[in-house]
Amino acid sequence: MYLNLAVRNVKRQVGNYLIYFMTVSLTVALLFAINNVIYSRELAVFVDRGESARTALKILVAAISFVVAFVLSYATSFLLKRRKREFGTYLTLGMDRRGILRLFLAETFVICGIALGAGLTAGGFLFQGLMAVMMKLLEMDFSMSSYSLEGLFRTVALTVGIFLVASLASGIYLKRVSIYDLIHGDRKVEKRVKRPGLWFAVTAAALGGMAACGILFWRSVDISLRGGTVDSMEYLLAGFILCVMLFHMGAAKSIVFLLLRSPRVCGRGANTFVLRQLSGSLSVNSVMFGCLALLMSLAVVGTNFSFIQKAAQEEALYVEWPYDIMYYSNKYHREGAVPLEEAERSIAEYAGIRRKVLWRIFETGEQAFYSRTWWYEERMAPNDSFMTASDFNALMAPLGVEPVALEGQFMIVGSDAKAAEPDWSGMVWEHGGKRYTFHSCRTDYPKISYLYFYVVVPDEAVADMECVEESRAYLTEKQRFDGIALHGELARLLSAGADEDWGGDGEEPQRLEFEIREYHRQEENNVSAILVVGALFASAVFLLLAMAILALKTLSGLGEDKGRYEILFRLGMGQREQARALFGQTFFFFIAPFALPMALSVPMAAFGAHVMRMEGMEASAEAVWLIAGIVAGVTALLYLLYYTASYLIARRTVVRD
């Protein structure tokens, strides 16, 4: 009996369940897609340390499922309150509370079953889309991926679990609510806000606080990128989150009440009616607006960050590793510990050697240059390191760098930005009976050393110095090869040739002297693939849930709105004017928590572009704005979908013809 009645009620109240059905279907689709990614063959085969990636995604899905269960509990209670007069009538006619609960649960499980089928169907296409993104990030050819039974079972189990948790809210509400509240609950008078002027001051202060936290965070990142130490960034983030909450609470409790005091605003059309409609609803939901704005902000920022990280990755590879392969000699290694001939044969087998460049590092055993740095007293500084101008020019020529000419001069080349902080301009270096003056300090050359900085000097200056490192750089014939396999092969060679202090038992040395750019590319691709796929999943779910709460909250008040718009109709307001008033009411309610996350796209893009430029990545800096625009556009489309559905349902219910 309950099932038949539930099916009939679902058919009769399709409009009320539309938002709920959309949210559940899209959430199931996302869960099915991500669970199939987790158990896909591609994740295990193509992603290095695939088991770690699988574990990370499982944790993410579990955490998101918990949030979904909480939000759907909230949504279920909205649907229940939307029909409180109907259920109150059932109680009056003699149906017990358990019967009403069974009826409502039967209805929601009918929706669950239909949404599960629709979600699994849509999730099949979404899974292929996520796999296409992941394979693109891994630089692999995409082909249709097979579905996983384990992914299907996990999705069904999570969906059923989410609905069981959501049902608890319905049971608690029906157990405690009185018949009077069910039938006459819409007659309750909403409380007015006290001291709206004070709340407006809170709004202004919170807005200033958000701006201050953003500016200070920007400066802190600048200091960090220049090599400084910053300890307050987590406090700035916490302050920003607090300001977001206070801003929305203050705005919801003050702006409408201040607008009601303006005769110019209230004198236009149905503005007074719309503002009075909003005055109570915004105040009651002020905390919810803050939470939703924070949730959507995290979604927008997280998605932007994941794509910005990927856009910067390619350019960063060429900054960090300018040559295809580099061998860094270690002065502490014993002679013959690194079998270079065998290593080069392995490199030739995997990638081919097109060109090889050798360079040397010399030392005097003194610290004339390091003694001028601010960190000299704080930690044990190494001896000064020198490179001849001929080696430097030979090393930079294949990278397209103009040669330098040093006649009686020295040049500081920093691998770290803090190498430019000391004042080198007045320094005169005396060595071998000659005086060398300052030429320049550069930190923008390609990185070819682990040293904080090295000193480029004329060739004759190193005549009496000790050569402590003889390193090599390789340009390979192949631009794409199996860098991970080559890395493993070289690690085995070095392990076999090392003594006990360096892993003679077959263990990998603590640091591989060979840096392989293609290996780092593949490693970064693994991280980017998991980061982007995980961010897309989490952000999409967060946005869906936020929009669903807004939509359901809007529809939950239609019972009260219907009576008020009925009065407007009797007073002579036509259908067009009613629709316009309803549009203003619902649009302002919807836009309240959505405006800030969308506005954050601009400073987020500016911040990302600034960081990219500081790191010398001009191409990535330009791509950041495009990425931010795409994320904002997709978010706006999702917002438009939910708002349009909510407005059309509300208009059909409320507006009198």
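Residues numbered from 1 in each chain as written. Predicted model: local features only at pLDDT ≥ 70, side-chain atom pairs only at ≥ 80, totals over all residues. Heavy atoms only, no water.

## Let's talk about the overall build of the chain
And then number 1: Within the chain, the secondary structure is distributed over 22 helices and nine strands.
And then number 2: Taking all contacts inside the chain whose residues are at least 6 apart in sequence as the whole, residues at least 24 apart take part in 83%.
And then number 3: Working note: accessible area of the chain is about 31500 Å², and carbon and sulfur atoms make up 60% of it. (Helix = DSSP H or I, 4+ residues; strand = E, 2+ residues; numbered from the N terminus. Contact = heavy atoms within 4.5 Å. Areas by Shrake-Rupley, 256 points an atom, 1.4 Å probe, with all protein chains shown as cover.)

## Comments concerning helix 19 (residues 575-591)
And then number 1: Under the 1.5 Å per step criterion, the end-to-end length of helix 19 is 24 Å for 17 residues, consistent within 8% with the ideal 24 Å.
And then number 2: Among all positions in helix 19, only Q578, A579, A581, L582, Q585, T586, F589 and F590 are buried. Down the axis of helix 19, the buried set is contained in an arc of 165°. They therefore lie on one face. Counted as exposed and oriented over 90 degrees from the buried face of helix 19: R576 and R580. (Expected span 1.5 Å × (residues − 1). Buried < 20%, exposed > 50% of the residue type's maximum accessible area, 1.4 Å probe, protein only. Arc of directions from axis to C-beta.)

## A few points about the layout of surface pockets
And then number 1: In this model, the second largest pocket occupies a volume close to 1100 Å³.
And then number 2: Considering the residues around the second largest pocket, the lining is formed by 40 residues, among which F217, L237, V301, M604 and F607 are closest to the centre.
And then number 3: Secondary structure elements with two or more residues in the lining of the second largest pocket: helix 9 (196-225), helix 10 (233-260), helix 13 (286-320), helix 17 (517-556), helix 20 (595-599) and helix 21 (601-614).
And then number 4: Looking at the lining of the second largest pocket, the element that brings in the most residues is helix 13, giving 13 residues.
And then number 5: Counted by class, the lining of the second largest pocket contains 32 nonpolar, seven polar and one charged residues. (1 Å grid on protein atoms, 1.4 Å probe; cavity = no way out; pocket = protein on both sides within 12 Å on 5 of 7 lines; lining within 4 Å. Points joined across faces, edges and corners; volume = space filled by probe spheres on them. Nonpolar A, V, L, I, M, F, W, Y, C, P; charged D, E, K, R; others polar.)

## Here's the deal with the environment of A548
And then number 1: Tracing the backbone shows A548 in helix 17.
And then number 2: On the basis of relative accessibility, which here comes to 3%, the residue A548 falls in the buried class.
And then number 3: As a C-alpha pair, A548 and F21 span 527 residues in sequence and 9.9 Å in three-dimensional space.
And then number 4: Sequence-distant contacts of A548, that is, excluding residues within four places in its chain, are made with I19, T23 and Y642.

## Examining the packing of aromatic side chains
And then number 1: A complete count under the given rule lists 27 aromatic pairs for this structure.
And then number 2: Here the aromatic rings of Y639 and Y643 are separated by 6.3 Å at their centres, their planes lie at 5°, and the arrangement is stacked. Of this pair, Y639 and Y643 are both found in helix 22 (residues 618-654), four residues apart, which corresponds to roughly one turn of the helix. Each member of the pair, Y639 as well as Y643, carries the same accessibility label: buried.
And then number 3: Measuring from ring centre to ring centre gives 6.1 Å for Y643 and Y647, while their planes differ by 20°; the resulting arrangement is stacked. Here the residue Y643 and the residue Y647 both occupy positions in helix 22, the gap between them amounting to four residues, near one helical turn.
And then number 4: Classification of Y647 by relative accessible area gives buried; the value is 12%.
And then number 5: Through a chain of ring-to-ring contacts, the aromatic side chains of F369, Y370, F386, F410, W424, W429, Y436, F438 and F453 assemble into a single cluster.
And then number 6: Between the NZ or CZ atom of K253 and the centre of the ring of W199, over which it lies, the distance is 5.5 Å. (Phe/Tyr/Trp six-rings, centres within 6.5 Å; stacked < 30°, edge-to-face > 60°. Lys NZ or Arg CZ within 6 Å of the ring centre and 35° of its normal.)

## Examining the nonpolar core
If you look at soluble globular proteins, the nonpolar side chains tend to sit buried side by side.
And then number 1: Judged by nonpolar contacts, the single largest core of 88 residues is most densely connected at I19, V37, L72, F537 and Y642.
And then number 2: Top element by residues in this core is helix 17. It accounts for 18 residues.
And then number 3: When neighbours within four sequence positions are excluded, V37 is seen to be in contact with L43, L57, F127, L130, M131, M134 and V533.
And then number 4: In this structure, W359, M387, V413 and Y454 belong to the second largest nonpolar core, which totals 22 residues. (Core = buried A, V, L, I, M, F, W, Y, C linked by side-chain atoms within 4.5 Å.)

## Quick look at the confidence of the model for the chain
And then number 1: Of all residues in the chain, 81% attain a pLDDT of 70 or more, and the chain-wide mean is 78.
And then number 2: Low pLDDT, under 50, characterises residues 499-510; the stretch is placed with 16 contacts to residues that sit more than four places away or in other chains. (pLDDT = per-residue confidence, 0-100.)

## Thoughts on the pairing of strand 3 (residues 385-388)
And then number 1: Of the two faces of strand 3, the one carrying S385 and M387 and the one carrying F386 and T388 are both buried.
And then number 2: Of the strand pairs in this sheet, strand 2 (residues 353-363) and strand 3 are connected by two bridges, and their pairing is antiparallel. Note that in strand 3 the partner of F362 across the bridge is F386.
And then number 3: In this sheet, strand 7 (residues 453-457) lies alongside strand 3 in parallel orientation, the contact comprising three bridges. What sits directly across from F386, in strand 7, is V455. (Pairing = 2+ DSSP bridges.)

## With respect to the sheet that holds strand 7
And then number 1: The sheet built from nine strands is open, its strands ordered 5-6-4-7-3-2-8-1-9 with mixed pairing. The sheet terminates laterally at strand 5 (428-431) and strand 9 (514-516), the two strands that pair on one side only. Mean inter-strand twist for the sheet, computed between neighbouring axes without regard to direction, equals 30°.
And then number 2: Strands strand 2, strand 3, strand 4 (409-414), strand 7 and strand 8 (466-476) of the sheet are contacted by helix 15 (residues 389-396), whose axis makes an angle of about 70° with strand 3. (Axes fitted to C-alpha atoms, helices over the stretch in contact; angles between N-to-C directions.)

## What about helix 14 (residues 340-350)?
And then number 1: Listing the buried residues of helix 14 in full gives L340, A343, E344, S346 and I347. Buried residues of helix 14, viewed axially, fall in a sector of 155°; they line one side. What points out from helix 14, more than 90 degrees from its buried face, is the exposed set E341, R345 and E349.
And then number 2: Positive phi appears at G352, one or two residues downstream of helix 14, with a value of about 80°.

## Remarks on the state of the cysteines
And then number 1: Taken as a whole, this structure holds zero disulfides when the rule is applied.
And then number 2: Cysteine C243 shares no disulfide, and the gap to the nearest cysteine sulfur, in C213, comes to 4.9 Å.
And then number 3: Judged by relative accessible area, C243 falls into the buried class, the value being 13%. (Disulfide = S-S within 2.5 Å.)

## Topic: the pairing of strand 8
And then number 1: Buried residues dominate strand 8, accounting for eight of its eleven residues.
And then number 2: Summarising the sheet, strand 1 (residues 325-327) and strand 8 pair through three bridges and their orientation is antiparallel. Across the sheet, residue M326 finds its bridge partner in strand 8, namely A473.
And then number 3: In this structure, strand 2 lies alongside strand 8, joined through ten bridges in antiparallel fashion. For W359, the partnering residue across the bridge sits in strand 8 and is S471.

## Remarks on the side chain of S25
And then number 1: Its location among the elements puts S25 in helix 2 (residues 14-38).
And then number 2: A residue is classified by how much of its surface remains accessible, and S25, at 10% relative accessible area, is buried.

## Examining the pattern of salt bridges
And then number 1: Counted according to the given criterion, the structure contains ten salt bridges.
And then number 2: When the shortest N-O distance is used, the salt bridge between R472 and E344 registers 2.7 Å. Residue R472 is found in strand 8, and its partner E344 is found in helix 14; the two are separated by 128 residues along the sequence. Take R472 and E344: they sit in the same class, and that class is buried. (Salt bridge = Lys/Arg side-chain N within 4 Å of Asp/Glu carboxyl O.)

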